[in-house]
Amino acid sequence: MSDNSQIKVVFSPEEIQRRVRELAEQITSDFAGQEPIMLGVLKGCFIFLSDLVRQVDLPLEIDFVRLASYGSSDTSSGRVQLVKAPEISIKGRPVLVVEDIIDTGNTLKWLVEYLEGMQPSSVNLCVLVDKAERREVEVEVDYVGFKVPDGFLVGYGLDFDERFRFLPGIYELNPQRGGA
Ligand code: 5GP
Ligand code: MG
Ligand code: MG
């Protein structure tokens, strides 16, 4: 890295692939006989969704939303804005939202309410990383890749100021080590 950022591996590429395979098996069995819309939340979902859809053994449609949330750069607030709407009609369809991280829950709570207004047959949530201890609002997440207590994560689609998304594993940026 070109600056003094410290970075620690939290989930290796191999661990992530293993867990994605398990999630995909669960989704395949839960949605048997259906053709869900996998709705990725840009941009953080782009690698997770790509890996997941290639492991789920179901007919699928794929679409994206993009949201902006006002707050500081690494936490969200309840004020969420839709930057890009789904393009496929979700009315009467099962929707599986695929998101990188749930933290306070504000973003996904807003998204679920927005999607329910479009009358899908069901809305379920799949997140790669759950920071459950930091939740501020209640959100029911159906599929969780990994739980972490805290820390700012990058890689595997996750950015810090648009950097690090391309990294194959998940890393903690500037981990606290004895006051460092
Ligand atoms: P929430 O609305 O649940 O507080 O926050 C959700 C969004 O905040 C996530 O979709 C993600 O974009 C961002 N976020 C939360 N924690 C992290 C993190 O550790 N790393 C990165 N890169 N983004 C995060
Ligand atoms: Mg996100
Ligand atoms: Mg971000």
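Okay, so let's go over this structure. Owing to the predicted nature of the structure, the values given are computational and were not obtained by experimental measurement.

The next point concerns the pairing of strand S3 (residues 61–69). Every regular strand shows the same layout, with side chains that alternate between the two sheet faces. In this structure, strand S2 (residues 37–42) lies alongside S3, joined through six bridges in parallel fashion. Bridge pairing links Leu39 to Asp63 in S3. Across four bridges, S3 lies against strand S4 (residues 80–84) in antiparallel orientation. The partner of Leu67 across the bridge, within S4, is Leu82.

Right, let's get into the sheet that holds strand S9 (residues 170–173). With respect to topology, three strands assemble into an open sheet ordered S1-S9-S8, the strand pairing being antiparallel. Here the strands that pair on one side only, and so sit at the sheet edges, are strand S1 (7–11) and strand S8 (153–154). The pairing of S1 with S9 spans four bridges and is antiparallel. Bridged to Val9 within S9 is Tyr171.

Position of Asn106 among the secondary structure elements: in helix H3 (residues 106–116). Taking the relative accessible area as the measure of exposure, Asn106 reaches 11% and is therefore buried. Within the structure, Asn106 has its side chain in polar contact with the side chain of Glu136 (distance 3.4 Å).

Next up on the list: the sheet that holds strand S7 (residues 143–147). Strands in a sheet are paired, the pairing made by backbone hydrogen bonds, and the direction either parallel or antiparallel. Spatially, the six strands line up as an open sheet ordered S4-S3-S2-S5-S6-S7, and their pairing is mixed. Looking along the sheet, the strands with just one partner apiece sit at the ends: S4 and S7. Going across the sheet, the axis of each strand differs from the next one's by a mean of 25 degrees, ignoring polarity. The sheet contact formed by S2 and strand S5 (residues 94–102) spans four bridges and is parallel.

For the coordinates displayed, the defined rule picks out three aromatic pairs. Aromatic side chains Phe11 and Phe146 sit 3.9 Å apart centroid to centroid with 20 degrees between the ring planes, which places their arrangement in the stacked category. With Phe11 in strand S1 and Phe146 in strand S7, the pair connects residues that are 135 residues apart, well separated along the chain. The same class applies to Phe11 as to Phe146, namely buried. For the pair Trp110 and Tyr114, a centre-to-centre distance of 5.4 Å together with 10 degrees between the ring planes defines the contact as stacked. Pair noted here: Trp110 and Tyr114 are both in helix H3, with a separation of four residues, about one helical turn. On the accessibility criterion, Trp110 (24% relative accessible area) is partly exposed. A residue is classified by how much of its surface remains accessible, and Tyr114, at 23% relative accessible area, is partly exposed.

Cut-offs applied
Residues numbered from 1 in each chain as written. Chains lettered and ligands numbered in written order. Predicted model: local features only at pLDDT ≥ 70, side-chain atom pairs only at ≥ 80, totals over all residues. Heavy atoms only, no water. Pairing = 2+ DSSP bridges. Helix = DSSP H or I, 4+ residues; strand = E, 2+ residues; numbered from the N terminus. Buried < 20%, exposed > 50% of the residue type's maximum accessible area, 1.4 Å probe, protein only. Polar contact = N/O pair within 3.5 Å; in protein donor to acceptor, adjacent residues only side chain to side chain. Axes fitted to C-alpha atoms, helices over the stretch in contact; angles between N-to-C directions. Phe/Tyr/Trp six-rings, centres within 6.5 Å; stacked < 30°, edge-to-face > 60°.

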